[in-house]
Amino acid sequence: MTNPPLLEIIGLSVNYGGIQALQAIDLAVGAGEVVTLIGANGAGKTTTLRAISRIVTARTGRIVYHGQNITRRRAHEVVKLGIAHSPEGRRILSRLTVLDNLELGAYTRRDRSASKQTLSSSFSPFRDWQSDVLNWQGR
Amino acid sequence: MLAIARALMSRPKLLLLDEPSLGLAPTIVGEIFSIIQTLHTTGVTILLVEQNATLALHHADRGYVLEAGQLTLSGNAADLLNDDRVKQAYLG
């Protein structure tokens, strides 16, 4: 890793009841890096992500993001700090429109006026169907 | 794709992606990974969890291997792709 770590995990352990899902793992992700976590089912990959976004609580260890200890922060605070989670199974709210789902992603942002701009930039990687979806805005 | 776009709506610096390819047709999986590549070039930092280790390592800078809650290996993605233990256990 050549860049300074954006995310650093030190000695993280997570338990589900009596089951130890993660045992003192150390991991770092540098700014601008793509880092992958591989392993079999049940190895703890999803648990690691859920611990970072504070859906599950660490039993021991520290999660440091941008130099801040976020181990005990709340999930919405972590989103505000700049961490977003695209969960396993995608968890799309299928009773809501595509646009509503997208707007939920901006829920923690205060600058509502800027969301429209983000809507188009969030979609820029998906050029092929960006215009289709944005045209549905009429609902 | 909607799930990824929804995550991008908060304008994250760090994107956690959990099994983005799971259950998708191969052509869509290809699209998802080219999107990951695009995000990478725009400066978004990504922590990617993937069942498809070959694909993940081909698109990552570095990787970690988790076994039963413990990290057993870590290194450059290219090195992990050539690691005999990784090959045997995850790359078929």
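For the structure itself, consult the block above.
Residues numbered from 1 in each chain as written. Chains lettered and ligands numbered in written order. Predicted model: local features only at pLDDT ≥ 70, side-chain atom pairs only at ≥ 80, totals over all residues. Heavy atoms only, no water.

Along its length, chain A carries five helices and six strands. When the helices and strands of chain A are listed from N to C terminus, the series reads β-β-β-α-β-β-α-β-α-α-α. For chain A, buried positions account for 45% of its 139 residues. Considering only contacts in chain A between residues 6 or more positions apart, those separated by 24 or more positions represent 45%. If you sum the accessible surface of chain A, you get close to 7300 Å²; carbon and sulfur atoms cover 49% of it. (Helix = DSSP H or I, 4+ residues; strand = E, 2+ residues; numbered from the N terminus. Buried < 20%, exposed > 50% of the residue type's maximum accessible area, 1.4 Å probe, protein only. Contact = heavy atoms within 4.5 Å. Areas by Shrake-Rupley, 256 points an atom, 1.4 Å probe, with all protein chains shown as cover.)

The next subject is helix α3 (residues 98–105) of chain A. Listing the buried residues of α3(A) in full gives V98(A), L99(A), N101(A), L102(A) and G105(A). One side of α3(A) holds all its buried residues, which, seen down the axis, span an arc of 160°. (Arc of directions from axis to C-beta.)

Bringing the pattern of salt bridges into the picture now. Under the defined criterion, the tally for this structure stands at two salt bridges over all chains. The partner of E33(A) in a salt bridge is R62(B), and the shortest N-O contact between them spans 2.7 Å. Taken as a pair, E33(A) in the loop between β2 (19–30) and β3 (34–39) and R62(B) in strand β3 (residues 62–67) lie in two separate chains rather than in one. Each member of the pair, E33(A) as well as R62(B), is classed as buried. Across the salt bridge formed by R85(B) and D83(B), the nearest N and O atoms sit 3.1 Å from each other. Accessibility expressed as a relative area gives 54% for R85(B), which makes it exposed. (Salt bridge = Lys/Arg side-chain N within 4 Å of Asp/Glu carboxyl O.)

Here the focus is empty space enclosed by the protein. The full count for this structure, using the stated rule, is one cavity of 30 Å³ or more. There is about 40 Å³ of room inside the largest cavity. Looking at the largest cavity, the residues that line it are S86(A), R90(A), M1(B), A3(B), I4(B), P20(B) and I32(B). Of the residues contributing to the lining of the largest cavity, the split by class is five nonpolar, one polar and one charged. (1 Å grid on protein atoms, 1.4 Å probe; cavity = no way out; pocket = protein on both sides within 12 Å on 5 of 7 lines; lining within 4 Å. Points joined across faces, edges and corners; volume = space filled by probe spheres on them. Nonpolar A, V, L, I, M, F, W, Y, C, P; charged D, E, K, R; others polar.)

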